[in-house]
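Here is how the chains run, residue by residue.
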Amino acid sequence: MAALIPEIAYEEMQGGIPQVEGDPQRRRRPRLRYWRGIVLFLAGAYFLIPLYAGLKFSFENDAGRFSLYAVKAIPSQTGFSAAFFLSLRLAATTTVLTMVLMVPTATYVHLKLPKMRRVLDFVTILPIVIPPIVLILGVLEAAPLWLRASPYLLSLVYVILALPFVYRSLDAGLSAIDLKTLVEASRSLGGKWVGTLWHVILPNLRAAMLSATVLTIALVLGEFTMASLDLWTTLPVWIYQFSQLDAHIATAVSMLSLIGTWVLLTVIVSVDRSQSRRTRRRTGAL
Amino acid sequence: MSQAGGADLPRQALLKDLPRGVWPTLAMAPFVIYTFLGLGIPTLAVVELAFRSEAGKLTLSNLHTVTQGTYRLGFENSIVLATITAIVPGILGLILAYAIQTGHSGLLRRLVATASGVLANFGGINLTFIFIATLGSTGVLTVWLSYIHLNPWNFGFNLYSFMGVAVVYCYFQIPLMVLVITPALGGLRPSWREASENLGASSFNYWRTVGIPVLAPSVLGGMLLLFGSGFAAYATADTLTAGTVTLAPIQIGEVLNGNVISGEEHIGYAIGFGMLIVLSITMILYGLVRRRASRWLR
Amino acid sequence: MTTTQNTSPIVDSFLQDLPVAGAQVELDRLVRVFGQTRALDGLSLTIERGEFVALLGPSGCGKTTALRVLAGFERLDSGRVVVNGQDLARVSAQHRDMGMVFQSYSLFPNMNALNNVAYGLRMRKQGSRQRRKKAGELLELVGLADQASKYPHQMSGGQQQRVALARALAIEPRVLLLDEPLSALDAKVRAELRDQIRSLQQRLAITTVFVTHDQEEALSMADRVCVMKSGRIEQTATPATLYSRPATAFVAEFVGVSSRVPVERAGDEVLVFGQQCPVRGGAGATWDSIDVLLRPEDVAIETNPDGKGFVTHRSFLGATTRLVVQVGEIAVRVDVRSEVAADIELGNHVSLRVISRDVLVAPRVGNDLSAAS
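About the cut-offs
Residues numbered from 1 in each chain as written. Chains lettered and ligands numbered in written order. Predicted model: local features only at pLDDT ≥ 70, side-chain atom pairs only at ≥ 80, totals over all residues. Helix = DSSP H or I, 4+ residues; strand = E, 2+ residues; numbered from the N terminus. Buried ≥ 20, exposed ≤ 12 C-beta atoms within 10 Å, placed from the backbone. Contact = placed C-beta atoms within 7 Å. Pairing = 2+ DSSP bridges. Axes fitted to C-alpha atoms, helices over the stretch in contact; angles between N-to-C directions. Domains from an automatic or database assignment. Parallel < 35°, antiparallel > 145°, perpendicular 65-115°, else oblique. Left-handed = near helix turned anticlockwise from the far one by under 90°. Nonpolar A, V, L, I, M, F, W, Y, C, P; charged D, E, K, R; others polar. pLDDT = per-residue confidence, 0-100. Expected span 1.5 Å × (residues − 1). Bend = angle between axes of the 7 residues up to and from the residue. Core = buried A, V, L, I, M, F, W, Y, C linked by C-beta atoms within 7 Å.

### With respect to the overall build of chain C
Looking only at helices and strands, chain C features 10 helices and 20 strands. Projected onto the principal axes, the alpha-carbon positions of chain C cover approximately 80 × 50 × 35 Å. Within the span of chain C, comprising 373 residues, buried residues form 43% of the whole. In chain C, the share of contacts with a sequence separation of at least 24, taken over all contacts with a separation of at least 6, comes to 69%.

As C-alpha cells, this is what we get:
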C-alpha cells in the first residue's frame, strides 16, 4: 500500500506548493508549450479513464445498459451494513486513539524536547520499512488471544499505520503557529497547563487535527491487507468478497468510497490552505 | 497569579521537586510504549520466528527454504516488479511533474497536488475494480482499443497477471513520484538556467551539465521510495490476481490463509524477514541520497 | 583578504592577453509591457566603450527589466538593442557574448568553483587544460585561488558572488551585466566587493551595466548613473552632477537627502525662509504653487531666540551632525560640522539661511502626481 510513503513527500512539501521564482511573464518557448500540452493530456487521460470506467460500470447492469440498480441495491446487500458500520467504528476508534496519543506527545516534543523530534521523525518512517503485510504477520503471532478475538485489534494496529501522517500533520500545524510564544504568553497571563492546552493549543491545531482525522478515516476505510488476513469483514474486505457475486454492486461501493475520500481530502486541503493563509497574514511571516 | 490558593502551591512544588528526567520520560511514555507494543514487538516476533522451526528450535532452515524454489521466485518477482514500477513510473512522473511545474498556472499545480495526494493513497481494492472495468477483457478501454484493432488482450496482455499488476501499480506510483519530485523541481533555480544560457549553453547542454546532475539525487530518491512502495504492496496484487501471482507479499498472505505445506508454517516469517531486509536497505539508501539532494537544492 | 590591487605575474600576463573588451551599447526606445504595467516605457540610453553605467531606481522602475532585455532574457514589445552597431533582435541570449552576474545563488551547485568559472569556456569547446588554466587565473584575479575545489554550498555569499564574477569574465564578454549582485550580502562584504568590482572593471575596461536600488553603490561605482522611474529614465549624469544638479524632484529626493519646503514666489525668484533665492534652470514659471528641495548642506543654521524654527532631532554622523529643524509644519534637515552642532541643543530656536547659489523647485506635492517620490 502506498499509503505511507506520501507522508515523506508531504514533509518535503510542507507549506504547500513551491512557487517558481522569477518573472511569471517569462518568454515561453513555443515548442515547450506543445510538448507540455501533450504530456498533460496523456496524463489526464491515463488517470481519468479508469475512473470513468469504474463509474460507468457502477451504473450498468449485466446487459451493459445504463441502470441504477447497483447503486440502489447497495444498502440491502447481505453483510453490507455490518461491514460498513464495522469500518466506521474502527475508523472512529482509530482516530480517537491516534489523537489522544499524538496530540499531547507532538505538542510536548515540540515545546520541550526538540531533540526528540529526530527520533519521532525516524519512528514515523518505520512503517514504511515494516509494511502492513509483515506487520500483520507479527501482530497475529504476538497478540494475546483475547485481543485477536476482537476486531478492535485492527484499530490498535491502524494507529501505528496512521502515525506517520498524523504526526506530520500535527507537526506542521504546530510549527505554523509558533507554539512556544503562545504558550509562554498564556502561562505568563496566569493560565495553567490544562487550560492552556484547551484554550490555546487545541483551537490553533484544529486544521491540522482535521486533516489528520480525515487521512486516518480514509486509511481505515480503505485498508484491505490487514483486515482480510485478520479475517474481519470490514468494508474493503466485504467489497472484495461480494465482487464474486455481483461485480457491479461491488464496484459501485468501491467508487463511492473513492469519491468520499476524494471529497474529504479536498475539503481538508482547502481548510488547511485558508488556515495557513490566515496565520501568515496574522503573523506577517513567510 | 498570586491568587493561586494555598491548595495549588504544594502540588506545584511537588512537581518541581521531581528529578529532572522524570517528567519528559512520563510524557513520552505513552508514545514509546505504544510504538513498542504495536510496532516493535510484532517486528521482533517476525524476526525471531524466522529463525525458529515449528518445534521452537533455533534454525536456519526457514531462511534456507525461502531462498530457493518458489519462494526465491517470489522474491525475485517482487524485486523485478518493484524495480520496473520504480523506474518507468519514476521517469513518467518526472516528466509529468516537469510539465506541470513549467506551466505557470497555480490552479493546475494545486489541482495536481491534491490529485496526487489522493491517487497515491488509493486503497488497493478500489484500484483493482476500476482497472478491471478499464482493461478487463470487456473493459472500457479494451473495447475502445479493439475498435481500432489494438485490443491489448490480443497481443498477449493479461490484466490478471504480473504484467497487469505492473500496469495497475503505475496508477499510484506516478502520482507518488510527482509528489516527491515536485519540490526538487521547484528547487531548480531559474538563475541557473539563465546563467547557463548566458554563458553559451543550449537547452540540451543545460540539462546535460546542470539540470540532470542536480536533479539526479532527488530522482534516485524518488525511485527508491517507489521501489519500497511497489515491493511492499499487497492488496492490489492479491485482489487483482486472486493470489495467483508469485510475489513475496502474496506468499505471506497464502501462509496466513493456511495454504502452505504443513511443517512450513514458519516460512511466512522468513519471507517477512527477507522483506524487512530489502526494505531496510532501500530506506538506508534513500536516507543517503536525500542528504546529497538537500545539500544542493537548498 | 586580498584585494585585486595585487600585481601577480600570472594576473598581469592574463590581463595583457585580454583583447579590448568594451563594446558600445545602444538602447533605443525600449518598450516592454506586462499585462497592465509598462515595465519599460520608451527607454533610450547610449553606453560608451568601457563605460560603467549604473541603473538606479526603486523596485518596479524597470531597471532589472532593461538589463534582462539587454541580456536576451526578456523580449521587447518595441525598440532596439544595438551592440557595436549590430541589432540584437534576432540574437538569442545564448549567443550575445555578454557576461551576467545575478543577484544570488546562480552558481551551479553540482560543480566546484573552478568548474563553474570554466563553464562558459567549456560551452565554447575549449580544451580541458586550457579551460582550467584560464579559470584558475580568473579565480586568482578575484582573490579566490584557494577556493577552486570548493562547492557553492561551502562558500559564503561574498565568495559565491566573486566566483560568479569570475565566471562571467571568463568568456571575455563585450558587455558585463550585473543585476543587484551585492543586495543579498551584508554591509561589510558589500563594501569590499564594491571596490573589487570597480577596480576590476577599470583594469579590464569592459562596458558594464550595473543595476541597483542602493544609491550609495551607484554613486560610488559608476562613471554615469541613470536614475529610472516607471520604465523611463529621469536623468543620466555623472554621480556628481546627479547629486548637485538633479533634473527632477524625483531625482533630487531619490539621490541623497533633501527636504521639501513650500514657498511663495517673489517675481522670478522664490522666498525661502524670508530670503530671496534664484530658481535653478528658471523653472516653475507656470506652476500654481511651488516647493523647494533643499539639501542638508545647502542650509546654514544659527541659534536665534526669535527664530521661527526649533531643533527636534540630532544625529551624529561623524564629521557632521544632522539636525532636524521644525519650521511650522515642515521638517528641514540641516548638516553642520559636529563642533558647531555641539552648541545647538534640542528645543533651541534657530533661524535658517539658504547658502547655495540657487534652489531646485518642484510643483507642490498634491498638485502634481509625479512629484511624489
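### Concerning the overall build of chain B
Of the regular secondary structure elements, chain B holds 13 helices and zero strands. When the helices and strands of chain B are placed in sequence order, the string is α-α-α-α-α-α-α-α-α-α-α-α-α. A buried classification covers 48% of the 298 residues belonging to chain B. Contacts in chain B between residues at least 24 apart in sequence constitute 76% of all its contacts with a sequence separation of at least 6.

### Quick notes on the sheet that holds strand β14 (residues 290-294) of chain C
Strand pairing in a sheet is mediated by backbone hydrogen bonds. Such pairs are either parallel or antiparallel. All names here are of chain C. Strand order in this open sheet of five strands is β13-β12-β11-β14-β20, and the pairing throughout is antiparallel. The open sheet terminates on both sides in strands that have one partner only, identified here as β13 (275-277) and β20 (360-363). Sheet twist, expressed as the average angle between the axes of neighbouring strands with direction ignored, equals 45°. Both strand β12 (residues 269-272) and β13 contribute to a ladder of three bridges, which runs antiparallel. Bridging from a neighbouring strand, Val 270 pairs with Cys 277 of β13.

### Observations regarding the sheet that holds strand β4 (residues 78-83) of chain C
Residue and element names in this part refer to chain C. Across the sheet, which stays open at both edges, the four strands sit in the order β2-β1-β4-β5 with antiparallel pairing between neighbours. Unpaired on one side and paired on the other, β2 (37-47) and β5 (86-87) mark the two borders of the sheet. Pairing of strand β1 (residues 25-34) with β2, which is carried by eight bridges, proceeds in the antiparallel orientation. Opposite Val 25, over in β2, you have Ile 47 as the bridge partner. Seen against the sheet, helix α2 (residues 63-71) touches β1, β2 and β4 and runs at an angle of roughly 115° to β1.

### Some points on the domain arrangement of chain C
On domain assignment, one finds that chain C holds domain 1 (9-244) and domain 2 (259-365). Measuring from the centre of the C-alpha atoms in domain 1 of chain C to the corresponding centre in domain 2 of chain C gives 40 Å.

### Overview of the packing of helix α4 (residues 69-102) of chain B against helix α8 (residues 162-186) of chain B
Residues and elements named next belong to chain B. Relative to each other, α4 and α8 sit at 45°, their axes nearing to 6 Å. The orientation of α4 with respect to α8, classified from their angle, is oblique. As for the relative orientation of α4 and α8, their crossing is right-handed in sense. When its residues are assigned to classes, the contact of α4 with α8 shows 19 nonpolar, eight polar and no charged.

### Here we look at the interface of chain B and chain A
Interfaces are often described in size by the accessible area the parts lose on coming together. Listed by partner, the interface residues are 74 residues for chain B and 76 residues for chain A. The leading source of residues in the side of chain B that touches chain A is helix α2 (residues 22-50) of chain B, at 15 residues. Here the side of chain B that touches chain A is composed, by residue class, of 47 nonpolar, 24 polar and three charged.

### Considering the confidence of the model for chain C
The predicted model of chain C has a mean per-residue pLDDT of 87, with 92% of residues at 70 or higher. If you check the scores for this complex, the pTM reads 0.78 and the ipTM reads 0.81.

### Section: helix α8 (residues 152-176) of chain A
Residues and elements named next belong to chain A. Taking 1.5 Å per residue, 25 residues should reach 36 Å; α8 reaches 34 Å between its end C-alpha atoms and fits that length. At Ala 162, α8 shows its largest kink, close to 50°, and the proline Pro 164 lies no more than four residues downstream. Most of α8 is tucked away: 22 of the 25 residues are buried. With its phi angle positive at about 50°, Asp 178 sits one or two positions after the end of α8.

### Concerning the domain arrangement of chain B
Residue and element names in this part refer to chain B. Under the domain assignment used here, chain B contains domain 1 (8-50) and domain 2 (61-297). For domain 1 versus domain 2, the separation of C-alpha centres amounts to 37 Å. Tallying the contact residues gives four residues for domain 1 and seven residues for domain 2. Counted by class, the side of domain 1 that touches domain 2 contains four nonpolar, no polar and no charged residues.

### Brief notes about the nonpolar core
In terms of nonpolar packing, the biggest core is built from 257 residues, with A:Val157, A:Leu170, C:Val117, C:Ala166, C:Leu177 and C:Val292 touching the most fellow members. The greatest single-element share of this core, amounting to 16 residues, is contributed by α8(A). Contact partners of C:Val292, with chain neighbours within four places excluded, come to C:Val261, C:Val263, C:Val270, C:Val272, C:Val359 and C:Val361.

### Notes on unusual backbone geometry
Residue and element names in this part refer to chain C. Phi angles above zero are rare outside glycine, and Asp 97 is one such case at about 60°. Considering the arrangement of structural elements, one finds Asp 97 in the loop between β5 and β6 (98-101). Looking at Asp 97, the number of C-beta atoms within 10 Å reads 19, which means it is partly exposed. Even without being a glycine, Glu 172 presents a positive backbone phi close to 50°. Note that Glu 172 resides in the loop between α5 (157-170) and β7 (175-179).

### A word on the pairing of strand β3 (residues 52-56) of chain C
In regular strands, side chains alternate between the two faces of the sheet. Residues and elements named next belong to chain C. Counting buried positions along β3 yields five of five residues, so the element is predominantly enclosed. With five bridges connecting them, β3 and strand β8 (residues 207-212) associate as parallel partners. Its bridge partner lying in β8, Leu 56 is registered against Thr 212.

### Here we look at the environment of C:Arg167
Residues and elements named next belong to chain C. Along the chain, Arg 167 falls in helix α5. When the C-alpha positions of Arg 167 and Gln 130 are compared, they lie 15 Å apart, and in sequence the two are 37 residues distant. When residues no more than four places from it in sequence are discounted, the contact partners of Arg 167 are Asn 116, Val 117, Tyr 119 and Gly 120.

### Some words on the environment of A:Ile130
Note on placement: A:Ile130 falls in the loop between α5 (116-129) and α6 (132-142). When the C-alpha positions of A:Ile130 and A:Leu161 are compared, they lie 9.8 Å apart, and in sequence the two are 31 residues distant. For A:Ile130, the residues in contact, after removing those within four places along its chain, are A:Leu135, B:Leu39, B:Thr43 and B:Leu276.

### Details of the environment of B:Val214
Position of B:Val214 relative to the elements: it lies in helix α10 (residues 203-232). Once the C-alpha coordinates of B:Val214 and B:Ala184 are considered, the two residues, 30 residues apart in sequence, prove to be 9.1 Å apart.

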